[in-house]
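Below are the chains, spelled out letter by letter.
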Amino acid sequence: MSTDVERIKQASRGLRGTLSESLVDPLTGAIRADDTTLSKFHGIYQQDDRDLRLERQRQKLEPAFQFMIRARVPGGICTTEQWLAMTRISREISDGTLRLTTRQAFQWHGVLKAGLKPLIQTIDSVLMDTLAACGDVNRNVMASPNPHRSKLHAKLHEVTLSLSQHLTPRTGAYHEIWLDGEKLARDEPEEEPIYGPAYLPRKFKISLAIPPDNDVDVFAQDLGFIGIVEDEELIGFNVTVGGGMGATHGDPQTYPRLADVIGFCRPEDVNHVAEHVVGVQRDFGNREVRKRARMKYTIDDRGLDWFVAELNSRLREPLAPARSFRFGRHTDRYGWVEGDDGLWHHTVYVQNGRLHADQLDALEGIATALPDVSWILTPNQNLAVANVPADGRAIVEAQLEAAGLMGSVTPLRAASIACVSMPTCGLGMAEAERYLPTLVDHLEAVFAEAGVPESDTVIRMTGCPNGCARPYVAEIGFVGKAPGRYNVHLGGDGRGQALNTLWAENRDEAEILDGLRPVIERWAAERENGERFGTWVRRTGIVEEAA
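We now turn to the structure provided with this report. (Residues numbered from 1 in each chain as written. Predicted model: local features only at pLDDT ≥ 70, side-chain atom pairs only at ≥ 80, totals over all residues. Heavy atoms only, no water.)

In this model, Pro211 is joined to Pro212 through a cis peptide bond whose omega is 15°. Here Pro212 shows up in the loop between β7 (206-209) and β8 (223-230). Omega for the bond connecting Met422 with Pro423 falls within 30 degrees of zero, at 5°, which places this linkage in the cis form. In this structure, Arg470 takes a positive phi of about 55° despite not being glycine. Looking at the secondary structure, you find Arg470 in the loop between β17 (459-462) and β18 (476-482). (Helix = DSSP H or I, 4+ residues; strand = E, 2+ residues; numbered from the N terminus.)

Here it is, written out as structure tokens:
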């Protein structure tokens, strides 16, 4: 028996549903219930302002409906023309801010229904889209920026763009609904050769990384490709499957999982391998219980050996044995770095990925003076201005300074990220983006009192257990349980290759700080040779190794 979501997808005529009719309904700021499922495939989430919810109920008004929209940015790289279009949307259509996400995508909040088509048409005008930024399909393909290794980065980005295009849904619904394209003249929608008429059982995430940088958290993805380099040439990729961060409080049948390395493929085979990994999940994923529908559960229910055998039976040749690799970090490199092509790249910290109107105004000065630079969204919600000539560095620094993005940031804050959560995300149980900066203030004081003021311990916070900010691979992860209360997870390894473990449940701020203080003090006194906090808490038994 399939779920309501499966029914809606099957009956949607290729993701069309009644979205066109919903958009022109003047009686409500919302879209129809079934269309809220389909809108996600078009990169759109219907939300409401939860800060206003009770007052509007008191006044007998419908919720303050608004929409969150994501634009896909494969590998996180866009041109100056595209950057300026994204910032123009922020000023003219959304709430004035631009959100850089943990999937290297752009995100806007506070968009009213009437603004949806103009927003998507603006995105289309610079050859970008929102199709498949959400929904039960492959989402934005992530890739490590690696700007300091320009030749490798260029090759990685080429593979990323090709893979993203290969897995993009074929339906014409997007162009019909949002871009006023020609409507389908027949009753049956186009075929989806990769996804089929019901698409995937659940969302699907892919990332590509080149060691030593694991900023994409490749093991947290359904499918990952780890670049293998020999003599400064990208010779292929190790393939990983079965990662995923989402869970549900109180449901032991759901859990975060790290991916397994299952073999090696050549760069020219990446699309082929990805298509058939998606195909296995399409055919065998759980379509009856959505909480158990991610590929990690397909693998655990049937066995990794079964999955690899099924995949290899579909490939033109089986995967080769995996190659050796070593990751060093999963946080960003800040400041200037010179690429091997002589151009420069500057990465700045953006607090929880939120750029405000005055910051966007200042950054426009870079775009005006240096129109040939690139803009890179990092997997940790930060921003890099890339491909800057040496004589343009002063211009970039001046405008970043004007944007308030050149100031000193402590290592602890620079290693922290949070999801949006309140007031718009309907899944949020506790604050995240609006609260983490305050909690980091307090934690910085604790680390300083312990004698390690320069700690770069990785801290991540989400307002619910779905894991959008990848909290389960942080050294300290905070997962919202209720307003003002969080589960605390300890034990990531600083490289994104170890799951942390639940250490304390349902704690408020005072309990968090009182509980962490003696642990941090012990770590500062007992660690060996610069041993990271997350590694130490596992080695000393503060928490057990995650299963």
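So that's the structure; there's more coming.
Attention now goes to the packing of aromatic side chains. Per the counting criterion, the structure on display carries 16 aromatic pairs. Here Tyr195 and Tyr199 contribute two aromatic rings whose centre-to-centre distance is 6.0 Å and whose plane-to-plane angle is 35°, an arrangement assigned as tilted. The class of Tyr195 is buried, set by a relative accessible area of 2%. Their ring planes at 80° and their centres at 5.1 Å tell us that Tyr255 and Tyr297 sit as a pair that is edge-to-face. One end of the pair, Tyr255, is in the loop between β9 (233-241) and β10 (260-265); the other, Tyr297, is in helix α10 (residues 295-302), with 42 residues separating them in the sequence. Of the aromatic side chains, those joined through ring pairs into one cluster are Trp83, Phe106, Trp108 and Trp375. (Phe/Tyr/Trp six-rings, centres within 6.5 Å; stacked < 30°, edge-to-face > 60°. Buried < 20%, exposed > 50% of the residue type's maximum accessible area, 1.4 Å probe, protein only.)

With 13 residues, helix α5 (residues 80-92) should reach 18 Å at 1.5 Å per residue; the first-to-last C-alpha distance of 18 Å fits that figure. Restricting attention to buried positions, one finds in α5 the residues Thr80, Gln82, Trp83, Ala85, Met86, Thr87, Ile89 and Ser90. (Expected span 1.5 Å × (residues − 1).)

Within helix α6 (residues 116-125) the residues assigned to the buried category are Leu116, Leu119, Ile120, Thr122 and Ile123. With its buried residues spanning 155° around the axis, α6 presents them on a single face. On the buried face of α6, the contacting elements are α2 (19-23), β1 (44-48), β2 (65-71), α5, β5 (106-111) and α8 (173-178). Of the residues one or two after α6, Leu127 is the one with positive phi, at around 65°. (Arc of directions from axis to C-beta. Contact = heavy atoms within 4.5 Å.)

Let's shift gears to the sheet that holds β5. Spatially, the five strands line up as an open sheet ordered β1-β2-β5-β4-β13, and their pairing is antiparallel. Two strands bound the open sheet, and with one partner strand each, they are β1 and β13 (354-355). Of the pairings in the sheet, the one linking strand β4 (residues 98-100) to β13 comprises two bridges and is antiparallel in character. Paired with Arg99 across the two strands is Arg354, which belongs to β13. Here α5 sits on the sheet and contacts β4, β5 and β13; the angle it forms with β5, its principal contact strand, is near 20°. (Pairing = 2+ DSSP bridges. Axes fitted to C-alpha atoms, helices over the stretch in contact; angles between N-to-C directions.)

Purely geometric stuff here, so don't read any function into it on its own.
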